[in-house]
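What follows is each chain in one-letter form.
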Amino acid sequence: MASPSKRREMDMMKLMMSDYKVDTINDDLQMFYVTFHGPTDSLYEGGVWKIKVELPEAYPYKSPSVGFVNKIFHPNVDESSGAVCLDVINQTWSPMFDLINVFESFLPQLLLYPNPSDPFNGEAASLLMRDRAAYEKKVKEYCKAYAKPEDIGAPEEISSDDEDEDEDEDDSMSDRGSDSDDNDEIAGKADP
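Predicted model, so just to flag it, every value in this text is computed and none were measured.

Analysis parameters
Residues numbered from 1 in each chain as written. Predicted model: local features only at pLDDT ≥ 70, side-chain atom pairs only at ≥ 80, totals over all residues. Heavy atoms only, no water. UniProt positions renumbered as here; feature names shortened; annotations may be inferred. Helix = DSSP H or I, 4+ residues; strand = E, 2+ residues; numbered from the N terminus. 1 Å grid on protein atoms, 1.4 Å probe; cavity = no way out; pocket = protein on both sides within 12 Å on 5 of 7 lines; lining within 4 Å. Points joined across faces, edges and corners; volume = space filled by probe spheres on them. Nonpolar A, V, L, I, M, F, W, Y, C, P; charged D, E, K, R; others polar.

Following the UniProt record, the feature "active site" (unreviewed entry) maps to Cys85 here. Note that Cys85 resides in the loop between strand E4 (65–68) and helix H2 (86–90).

Next up, the structure:
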């Protein structure tokens, strides 16, 4: 079997070559974002979420950590952090699975079959058990309010504004060097 780092690379390549939009962070294969569409014929159909994926060092022997960046109303997803109840993936994870399985099986199953008896969002679990029609209405309201394509813009961590500021600083640093006088000396000597 391939080493964990080779397997991580292969699984990332497979995911990037699929129909999923993958945004890496600084070409890091341990943390990245994937655009995920709600499953057809579900309450979440038409919704679009940005999913943050973190691969542990021991991947594929240890399951990836996944979380919703934009809000979703679901019993097994923490509303404030977007964290997915780890039991959902951990209970069934095996090195035989890959990242495609997360987006084609695990997350669709999570959204199609919520488990209110193991909640991460007590309000959603309670509403689902108490009043299914009200639960369904709230899910659809959340999809309409938070899961549109424009709701999955780039996270603040990698916004282009920060990069522009860094470029401006770099430009100003290089401009300073041209104001020097003629008697500049090289700091140190070159290695022989």
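That shown, we press on.
This part covers the layout of surface pockets. Left-over empty space is what a probe sized like a water molecule reveals as it rolls over the atoms. As a volume, the second largest pocket reaches approximately 170 Å³. Taken together, 13 residues line the second largest pocket, and the ones lying closest to its centre are Lys52, Gly67, Ser81, Gly82 and Ala83. Secondary structure elements with two or more residues in the lining of the second largest pocket: strand E3 (48–54) and E4. Take the lining of the second largest pocket: its biggest share by element is four residues, from E4. Counted by class, the lining of the second largest pocket contains six nonpolar, five polar and two charged residues.

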